[in-house]
Amino acid sequence: MTWSPREKSQLKYSLHSPLSTLHSPLSTMVRTRFAPSPTGYLHIGGVRTALYNWLFARQHGGQFILRIDDTDRQRNVQQSLRPILDGLRWLGIEWDEGPEVGGPLGPYYQSQRLDRYRNAVEKLLAGGHAYYDYATTEEIQAERAAAEREKRMFRYSRRFMAETPADRARFEAEGRQAVVRLKIPAEGKLTIDDAIRGRVEFDWANEQDHVVQRADGTCLYHLANVVDDHDFQITHVIRAEEHLSNTPRQVFIVEALGYPRPAYAHLPLVAEPGSHTKLSKRKLDKYLKNRDFAELFEHGRKIAALIGHPVEADAFNPVIVDFYQTVGFLPEAIVNYLALLGWALDDKTEHFSRKELIESFSLDRVNKAPASFDPRKLMAFEERHFQQLPQEEKVSMVLPYLQKAGFLSDTLTVADRAKVAAIVKAAGDRIKIAGDILSFSEFFMTKPPIDPVAKKKAIHKPTEDIELLKNWCQVIPTIQPFEAATYEKRLHEFASTEERRFGDIVRLLRVALTGKSIGLGLYETAEILGYSANTTNIQLFIFDLAQKPEDNLPRSEDD
RNA sequence: GCCCCCUUCGUCUAGUGGCCCAGGACGUCGGAUUCUCAGUCCGAUAACACCGGUUCGACUCCGGUAGGGGGUACCA
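Please read these numbers as outputs of a predicted model, since none were measured by experiment.

**Some thoughts on the pairing of strand 1 (residues 31-34)**
Inference 1: Alternating residues of strand 1 divide into Arg31 and Arg33 and Thr32 and Phe34, and every residue in both groups is buried.
Inference 2: Where strand 1 meets strand 2 (residues 63-66), 4 bridges bridge the pair, whose relative direction is parallel. Residue pairing in the sheet places arginine 31 in a bridge with glutamine 63 of strand 2.
Inference 3: Where the polypeptide runs from strand 1 across helix 3 (residues 44-59) and back to strand 2, its parallel neighbour, the crossover connection is right-handed.

**Quick word on the nonpolar core**
Inference 1: Ranked by internal contacts, the top residues of the largest apolar core, which has 124 residues, are Tyr324, Phe329, Ile437, Trp472, Tyr487, Leu491 and Ile538.
Inference 2: It is helix 22 (residues 522-547) that provides the largest number of residues to this core, a total of 10 residues.

**Some points on helix 22**
Inference 1: Between the first and last C-alpha of helix 22 there are merely 26 Å, a value that for 26 residues lags more than 12% behind the 38 Å anticipated at 1.5 Å per step.
Inference 2: Of all the bends found along helix 22, the most pronounced is centred on glycine 530 and spans about 110 degrees.

**Topic: the pairing of strand 10 (residues 263-267)**
Inference 1: Burial analysis of strand 10 places 5 of its 5 residues in the buried class, which makes it a mostly covered element.
Inference 2: The alternating pattern of strand 10 places Ala263, Ala265 and Leu267 and Tyr264 and His266 on opposite faces, both of which are buried.
Inference 3: Bridge count for strand 9 (residues 236-240) against strand 10 is 5 bridges, and the pairing is parallel. In the sheet register, valine 237 faces strand 10, and the bridge partner there is tyrosine 264.
Inference 4: After leaving strand 9, the chain enters helix 9 (residues 247-256) and then returns to the sheet as strand 10, a path that is right-handed.

**Quick notes on the side chain of histidine 210**
Inference 1: Relative to the helices and strands, histidine 210 resides in the loop between strand 7 (198-203) and strand 8 (211-213).
Inference 2: Take histidine 210: its relative accessible area is 18%, and that puts it in the buried class.
Inference 3: For histidine 210, the side chain forms a polar contact with the side chain of arginine 249, separated by 3.3 Å.
Inference 4: Not counting chain neighbours up to four residues away, the residues in contact with histidine 210 comprise Val180, Arg181, Leu182 and Arg249.

**A look at the environment of lysine 183**
Inference 1: For lysine 183, the position within the fold is in the loop between strand 5 (179-182) and strand 6 (189-194).
Inference 2: In this structure, the C-alpha to C-alpha distance between lysine 183 and alanine 454, residues 271 residues apart in sequence, is 74 Å.
Inference 3: If sequence neighbours within four positions are ignored, lysine 183 has contacts with Gly128, His129, Ala130, Tyr131, Arg158, Met161, Glu163, Asp209 and Phe252.
Inference 4: A distance of 2.6 Å separates the side chain of lysine 183 from the side chain of glutamate 163, its partner in a polar contact.

**Considerations on the packing of aromatic side chains**
Inference 1: If you walk through the whole model with that rule in mind, you get 22 aromatic pairs.
Inference 2: Ring plane angle 75 degrees and centroid distance 5.8 Å describe the contact between tryptophan 204 and phenylalanine 252, whose orientation is recorded as edge-to-face. Placement of the pair is tryptophan 204 in the loop between strand 7 and strand 8 and phenylalanine 252 in helix 9, with a sequence separation of 48 residues.
Inference 3: On the accessibility criterion, phenylalanine 252 (10% relative accessible area) is buried.

**Observations regarding the side chain of aspartate 504**
Inference 1: Of note, aspartate 504 is situated in helix 21 (residues 502-514).
Inference 2: On the basis of relative accessible area, aspartate 504 is assigned to the buried category, the value being 9%.

**Quick look at a negative patch on the surface**
Inference 1: A surface patch of like charges, here negative, comprises Glu483, Glu488, Glu524 and Glu527.
Inference 2: As for its placement among the helices and strands, glutamate 488 is situated in helix 20 (residues 484-498).
Inference 3: Residue classification places glutamate 488 among the partly exposed residues on the basis of a relative accessible area of 31%.

**A look at the sheet that holds strand 8**
Inference 1: On the basis of which strands lie adjacent, the open sheet formed by 4 strands has the order 4-3-5-8 and antiparallel pairing. Looking at which strands have only one partner, the edges of the open sheet turn out to be strand 4 (161-162) and strand 8.
Inference 2: Looking at chain direction, strand 5 and strand 8 are connected through 2 bridges and run antiparallel. Paired with arginine 181 across the bridge in strand 8 is valine 211.

Criteria and cut-off values
- Residues numbered from 1 in each chain as written.
- Chains lettered and ligands numbered in written order.
- Predicted model: local features only at pLDDT ≥ 70, side-chain atom pairs only at ≥ 80, totals over all residues.
- Heavy atoms only, no water.
- Buried < 20%, exposed > 50% of the residue type's maximum accessible area, 1.4 Å probe, protein only.
- Helix = DSSP H or I, 4+ residues; strand = E, 2+ residues; numbered from the N terminus.
- Pairing = 2+ DSSP bridges.
- Right-handed = clockwise from strand over helix to strand, strands pointing away.
- Core = buried A, V, L, I, M, F, W, Y, C linked by side-chain atoms within 4.5 Å.
- Expected span 1.5 Å × (residues − 1).
- Bend = angle between axes of the 7 residues up to and from the residue.
- Polar contact = N/O pair within 3.5 Å; in protein donor to acceptor, adjacent residues only side chain to side chain.
- Contact = heavy atoms within 4.5 Å.
- Phe/Tyr/Trp six-rings, centres within 6.5 Å; stacked < 30°, edge-to-face > 60°.
- Patch = residues over 30% accessible without salt bridge, like charges linked within 9 Å, V, L, I, M, F, W, Y side chains within 5 Å.
- Areas by Shrake-Rupley, 256 points an atom, 1.4 Å probe, with all protein chains shown as cover.
- Salt bridge = Lys/Arg side-chain N within 4 Å of Asp/Glu carboxyl O.
- Lys, Arg positive; Asp, Glu negative; His and termini not counted.
- Charge placed at Lys NZ, Arg CZ, Asp CG, Glu CD.

These values are about where atoms sit, not about what they do.
Right, here's the structure in full:
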């Protein structure tokens with residue numbers, strides 16, 4: 001069933017009725033959370049979930065909590081957490097409570113809350129909502145296989161359920177060990193009013209007696225999740241759609257424990273480019289076959305290679321946030337793009353500042369269908385946000401890349417900064433990512449390498465071209481002051497006396513000065529390079545032409 | 001298999017019964033501008049998954065089908 005926006009917004013308030021009817025200060029409080037498991041990287045889909053939680057909390061003046069789901073991995077948690085914490089901070093998704101921030105309800109690591117879970121299990125057991133089960137894994141598997149053979153749905157027979165101390169003693173005498181299972185009702189329905197999907201109905205008959213505690217006493221995700229959400233007073237559980245099917249068992253635990261039910265909002269998946277399958281970090285090879293994805297990767301790879309960042313590293317992957325941070329994307333652009341991946345304000349507004357997002361975000365305008373990740377559109381947002389940056393900020397963003405690539409030393413001179421500022425200004429919209437500054441390396445080299453293809457394109461007749469360049473070198477000292485405007489004027493005068501097409505001269509000079517066929521405007525290039533580099537680069541080029549005549553044949557028709 | 005969710009241009013989306021022979025953005029393709037590239041400007045292209053029903057009228061409501069996705073763990 002679908003809901004009108006009005007119905008939906010009414011739903012928003014009636015949903016978490018246990019809280020809103022309390023008339024306590026809690027009723028107006030919004031608390032959301034993002035609960036990553038420490039995997040060592042921040043997935044772009046995870047960021048979107050975190051972002052929506054954060055936006056929702058900020059909009060309502062509530063709190064955004066970061067909790068670490070490390071029930072499964074005790075080792076290297078801190079190390080695996082680092083990229084996640086750094087990534088979130090870089091994107092400006094700050095948490096009010098959680099790791100490195102603390103908070104009144106800590107600890108914020110599941111691995112440090114085990115006693116809480118144990119208590120909950122006890123309570124479940126005491127209330128008759130769970131039971132000790134002594135079946136072995138093999139026995140369960142056998143039942144499952146039998147069900148499959150008979151083409152009926154598997155449901156555990158509860159053959160080794162122990163509800164009395166006597167039962168327990170009997171099974172234990174056989175050397176069996178107990179897990180704790182949920183005692184799911186045999187029939188009946190469960191309705192969930194999802195803030196995004198509307199009303200969703202489940203049949204208890206389709207649920208399993210899920211295990212909540214292992215034989216060794218450790219507990220499982222769903223139990224921990226529910227207990228933590230309650231302990232942290234989470235009012236709105238906003239998470240990916242993959243959890244929708246798991247919600248019944250969580251609601252079961254919620255009710256069995258007598259907790260108030262939080263509001264649920266299940267977000268559509270972030271899918272692969274051009275598909276509706278969940279975007280995965282592990283399928284880089286597959287995505288690289290997608291032209292747009294490959295282009296983004298390649299763009300980043302070039303930058304990374306120049307700054308000595310390992311491009312074969314696991315985290316160097318456009319599915320992972322680290323990629324964008326490494327090559328110099330703007331957090332604002334990523335946030336803007338991701339906000340729109342599954343949500344829209346209206347039929348035209350696309351460009352949002354963080355503040356605007358906080359003001360206009362709403363759960364009831366979140367879409368239901370999976371949204372595929374479009375590298376191209378992300379890039380478009382990056383371009384737009386970068387364009388709007390003040391010159392000074394562009395310069396500050398770009399400088400570290402020149403330093404990392406070894407074009408500038410760690411201690412910057414005023415002249416360095418001025419030069420970079422001039423390049424950034426002349427580059428205009430050519431710089432889209434901070435790392436793009438590295439495509440203007442010619443300004444930082446005493447002898448820029450000459451691109452053979454560029455050279456071939458610019459050369460017509462080597463001897464005449466050399467002659468032309470020599471003549472131009474005679475003119476250079478007369479360019480006073482040595483600036484773009486005067487350079488342009490002299491060059492036009494020069495072109496008319498030489499009787500060569502202006503475009504040809506420009507092309508030739510560009511290669512002579514920079515070694516490339518593409519670059520900034522020629523006059524600006526000349527000005528930034530300065531008087532001496534102008535003459536020496538041209539002389540080096542002439543030398544190159546004279547040395548390797550075989551390379552300098554005029555290009556043929558089919559070139 | 002069973003359960004749940006989803007379905008508007010290639011992609012992100014607007015659309016809450018007549019405003020829609022469907023609007024915006026990215027892309028793509030043309031064209032203009034410039035010394036290259038980027039940008040900018042102008043134009044074009046392209047979608048309501050399908051079948052029934054309800055209604056004077058359906059992208060919008062209902063039913064079904066198909067397709068896609070998720071779940072079904074002593075993973076999270």
